[in-house]
Each structure stands twice: as C-alpha cells, then as structure tokens.
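Per-entry structural report
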Amino acid sequence: MEKDFITALEQRLQTPKKTVIIPHKNPDGDALGSTLAWMHFLQNENHEALIISPNDYPKFLNWMPGQEQILIYNQKKELAEKKIEEADLIFTLDFNALSRIDALGVLVSASKAEKVMIDHHESPEDYAELMYSDPQMSSTCEMIYRLIAELNSRGFSPEIASCLYTGIMTDTGSFRYPSTTAETHKAIAQLVESGADGTAIHQNIYDSSSFNRLKLLGIALSNLNQIESLPIVYITLTQAELNSCDYQKGDTEGFVNYGLSLEGVQFACIMIENEKEGKIKMSFRSKGSFSVNEFARTYFEGGGHHNAAGGMSKDSMNQTVQRFKTAVAEIANQF
Ligand code: 5GP
Ligand code: MN
C-alpha cells in the first residue's frame, strides 16, 4: 500500500465525514465483507457511513454483521440519490469500473464527493481521486485488513473480523487459490484472534443450501459439456431450468468450480440465462497461465481476475454456446 494513499486518507478522515460505500452489482462475500467492515470501521471513528448496494444480495450472506443497515439502490432510489449527493467521500470497493454498478455509476460520477477506490481487479478505471488498487491481493477484504491495521492501532472488533474473514475465505476458495499468500494466512490468524469464528462462517456460507439449490446443481452437472481435445468444459442453465428449481439469487454460486474440479481441466465456463435482463451471465474460471480476464474482455464484455472473471452475452443460449466455441477455437493454441 502506498504511503501517499494512507496519508491522504488519514487527512480526509481527521474530521467527521459523511461517507457512502458502494460494492459491485450482485455483491459477493468479498464485496459485502469489505464494505461492511469498512462501514463498521468508519462508524467506530465517528463518521457517517452508509452502504448503498446496486441490488440485493443472496440469502447466504444475510447474516453478516451490519447487513441490515445496507441500502439497496433499486429498492430506495430517492434516498440513495440524496445520500450520494450529500456525501463528502464515496468509497467504491471490490470493483474496477463504474459500469459494474449500473445506474449508480452516473450518480457517483456526478457527485461532488471525492471518490476513493479500493480494489484488487486488474486494469482499474481512472475515476477516483484516491486509489488503492492491487491485483496481487487475494481479496478486497485483505486490503481493508491492511488498511485498518495501518490506520488504527486498536485492532479489529469481532464484527469487523467476521466480515473480513468472510470475504477472504470466499474470494480465495477457502484459502486454495494461488492468490492466498503467507500474509493472507497471517491476516486470517489475526482475525480469528479478534473474534472471527471460522467454523460458523463456513457453515453460514457453504452449509446453508436449500433442497432446490442442490436439485439445480444436479441439472447443471448433467449439462456439463467438454470441448473436444481441449482441457475446457462449459455448463449451461436456461431460465426454464432455473424456474423448475424455484431459483433464488445466489443459488448458482460456485457451480462453475465443479467444471474446474475435473482432472486436467484448465478452463471452465458457466452460462446462465436471465430472461428478465435479456442476457446470459457468464462466469469463467481457470487454473494456471490461461487468463480468463483477457478472455472475458476480448469476447464477452467482461473482465475480472487472471483465474476468475465474468462476462455476458445478449444472444440466445444456443448462439452464446456457439460464440463460446468459436472464441475457444481462437485461443486453443494457449493449451
Ligand atoms: P463471477 O463469475 O463470480 O460473477 O465473477 C468472477 C470475478 O470477475 C469477480 O471478481 C467479479 O467481480 C468479476 N466480474 C464478473 N463479471 C464481470 C464483468 O462483467 N466485468 C468485470 N470487469 N468484472 C467482472
Ligand atoms: Mn473480490
């Protein structure tokens, strides 16, 4: 972390400020964990801090300390607009481009508030006055961990510890991905000492599946396809299949990883139809040198990290599968 960033932030936070904190659309464990931890920190330091999420978050995250304070933009637009307009500081966490927060992006751009980006995605956009961007970091939560450690010698409250533990755990695939370093484990050790209950958090997130979600996983797995003579697999889920299992937000989280769990597979994709939004949401995961960030940027209007990225298609499922196969043929020489 650059010293200039800390100095500038410390200077901004010397007097009580009105702040708004924004995670990306469809917030995941890292987005909610980092924004909630940062909210608790700012509130403990006597600042006003309000999280405005572009849309709702999945049920498996609705136990997180402080989540009841989150304002959902598409449910309370007027209040959210007022708060953004009045803010002195806007923190944008766990995303690298204003397009990742949909309509909120325009409001953030127009606001007189100073913008502060804290994020670990590659190729950050240049919209923030203050920036702490580090794609080497396992998670935005690990960055917030470091930031709070720098700013405050009083340590981590149990609420902050639980939020940060959650995001580090979910973004590292429970401490498996190569972004997990010795420093990550040291952070986790400190968070456990500060009151994070790893077993309880793991159960809240991973052992809270509904019956329907497991049935949907069964459908997803039976739709698993392999690309001939390449270490690449893909899964499709149509809206009708989602409906047949009474799909709830968050139900497909983690499905794409089953593709990557096949021996030898280096690149897995899941395509999930969203009729209401008129698009197919795509998730990409890889192992090793193949960059799904680049793949998502080049072919499917997305991006993310080297080994985990997302994108979308406005074509039908069949056309999207065809486009995926064509794209894969173009990058086949990388395997
Ligand atoms: P997921 O597949 O879980 O939705 O996303 C994987 C990673 O890629 C996450 O870190 C997420 O923030 C990022 N990501 C997902 N969709 C997009 C997208 O459309 N654009 C960009 N830039 N990043 C994305
Ligand atoms: Mn993240």
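Residues numbered from 1 in each chain as written. Chains lettered and ligands numbered in written order. Predicted model: local features only at pLDDT ≥ 70, side-chain atom pairs only at ≥ 80, totals over all residues. Heavy atoms only, no water.

**Side note on the overall build of the protein**
Regarding its fold elements, the protein presents 13 helices and 12 strands. Taken over C-alpha atoms, the radius of gyration comes to 20 Å for the protein, in line with the 20 Å a tight globule of 335 residues would show. Projected onto its principal axes, the C-alpha positions of the protein cover 60 × 40 × 40 Å. For the protein, with 335 residues in total, the buried portion stands at 53%. For the protein, contacts bridging at least 24 residues in sequence account for 65% of all contacts bridging at least 6. Looking at the protein, you have 29 positive and 44 negative side-chain charges, and the mean spots of the two groups are 3 Å apart. (Helix = DSSP H or I, 4+ residues; strand = E, 2+ residues; numbered from the N terminus. Rg over C-alpha atoms; globule rule 2.2 N^0.38 Å. Buried < 20%, exposed > 50% of the residue type's maximum accessible area, 1.4 Å probe, protein only. Contact = heavy atoms within 4.5 Å. Lys, Arg positive; Asp, Glu negative; His and termini not counted. Charge placed at Lys NZ, Arg CZ, Asp CG, Glu CD.)

**Considerations on the coordination of the manganese ion (ligand 2)**
Each donor-metal-donor angle would ideally measure 109.5 degrees in four-coordinate tetrahedral geometry, or 90 or 180 degrees in six-coordinate octahedral geometry. Taken together, D30 (OD), D94 (OD), H120 (NE2) and D171 (OD) make up the full set of protein donors to the manganese ion (ligand 2), lying 2.1 to 2.4 Å away. Mapping the donors of the manganese ion (ligand 2) onto the primary sequence gives the spacing D-x63-D-x25-H-x50-D. Placement of the pair is D94 in the loop between β4 (89-93) and α4 (104-110) and H120 in the loop between β5 (114-119) and β6 (130-133), with a sequence separation of 26 residues. Take D94 and H120: they sit in the same class, and that class is buried. (Donors = N, O, S within 2.8 Å, 3.2 Å for Na, K, Ca; no water.)

**What about unusual backbone geometry?**
Unlike most non-glycine residues, N46 shows phi in positive territory, near 70°. Along the chain, the position of N46 falls in the loop between α2 (29-44) and β2 (48-53). With a phi close to 70°, D94 is a non-glycine residue in the positive phi region.

**Notes on the nonpolar core**
By size, the foremost hydrophobic cluster in this structure holds 49 residues, and its most contacted members are I21, W38, F91, I118, I144, L164 and L191. For F91, the residues in contact, after removing those within four places along its chain, are L9, T19, V20, I21, I22, W38, L42, V116 and I118. Core analysis: the next-biggest nonpolar cluster, separate from the first, contains 22 residues, I227, M282, F284 and I331 among them. (Core = buried A, V, L, I, M, F, W, Y, C linked by side-chain atoms within 4.5 Å.)

**Notes on the site of ligand 1**
What surrounds ligand 1 is a group of 13 residues, the closest being R100, H121, S283, R285 and G303. Here R100 contributes a side-chain N or O atom positioned 2.8 Å from an oxygen atom of ligand 1. Burial of ligand 1 by the protein amounts to 83% of the accessible area it has alone, namely 490 Å². Domain assignment of the residues forming the shell around ligand 1 places at least three in each of domain 1 (3-206) and domain 2 (211-334). (Near = heavy atom within 4 Å. Polar contact = N/O pair within 3.5 Å; in protein donor to acceptor, adjacent residues only side chain to side chain. Areas by Shrake-Rupley, 256 points an atom, 1.4 Å probe, with all protein chains shown as cover. Domains from an automatic or database assignment.)

**Examining the environment of M169**
Tracing the backbone shows M169 in helix α6 (residues 158-171). A sequence separation of 63 residues divides M169 from V106, and the C-alpha atoms of the two residues are 32 Å apart. Sequence-distant contacts of M169, that is, excluding residues within four places in its chain, are made with S174, F175, I201, H202, I205 and Y206.

**Examining the packing of aromatic side chains**
The final tally for this structure, using the stated rule, is 17 aromatic pairs. On the numbers, 5.9 Å between centres and 80° between planes, the contact of F295 with F324 is edge-to-face. In this pair, F295 is assigned in helix α12 (residues 292-299) and F324 in helix α13 (residues 317-331), connecting sequence segments 29 residues apart. Like F295, the residue F324 is buried in the burial classification. Of the aromatic side chains, those joined through ring pairs into one cluster are Y234, F267, F284, F290, F295, Y299, F300, F324 and F335. (Phe/Tyr/Trp six-rings, centres within 6.5 Å; stacked < 30°, edge-to-face > 60°.)

**Some details on the environment of A268**
Of note, A268 is situated in strand β9 (residues 267-274). Residue A268 is classed as buried on the basis of its relative accessible area of 1%. Between the C-alpha atoms of A268 and I232, which are 36 residues apart in sequence, the distance is 5.8 Å. Leaving out residues up to four positions away in the same chain, A268 has contacts with V233, V256, G259, L260, S283, F284 and R285.

**Let's talk about the pairing of β6**
Across the two faces of β6 the burial differs, with L130 and Y132 buried and M131 and S133 not buried at all. Where β5 lies against β6, 4 bridges are found, and the strand directions are parallel. Note on β6: the bridge partner recorded for V116 is L130. (Pairing = 2+ DSSP bridges.)

**Overview of the domain arrangement of the protein**
On domain assignment, one finds that the protein holds domain 1 (3-206) and domain 2 (211-334). Computed from C-alpha coordinates alone, the two centres of domain 1 and domain 2 are separated by 27 Å. Counting from both sides, the interface comprises 15 residues of domain 1 and, opposite them, 12 residues of domain 2. Of the roughly 940 Å² buried between domain 1 and domain 2, counting both surfaces, carbon and sulfur atoms make up 44%. Its largest share of buried area at the contact with domain 2, domain 1 owes to F60, H121 and E122, together 38% of the area lost on that side. Between domain 1 and domain 2 we count 1 salt bridge in total. In this structure, K25 engages E277 in a salt bridge whose closest nitrogen and oxygen atoms are separated by 3.4 Å. Linking domain 1 with domain 2 are 7 residue pairs in polar contact (both at pLDDT 80 or more), by the criterion used here. (Buried area = accessible area lost by both parts, 1.4 Å probe. Salt bridge = Lys/Arg side-chain N within 4 Å of Asp/Glu carboxyl O.)

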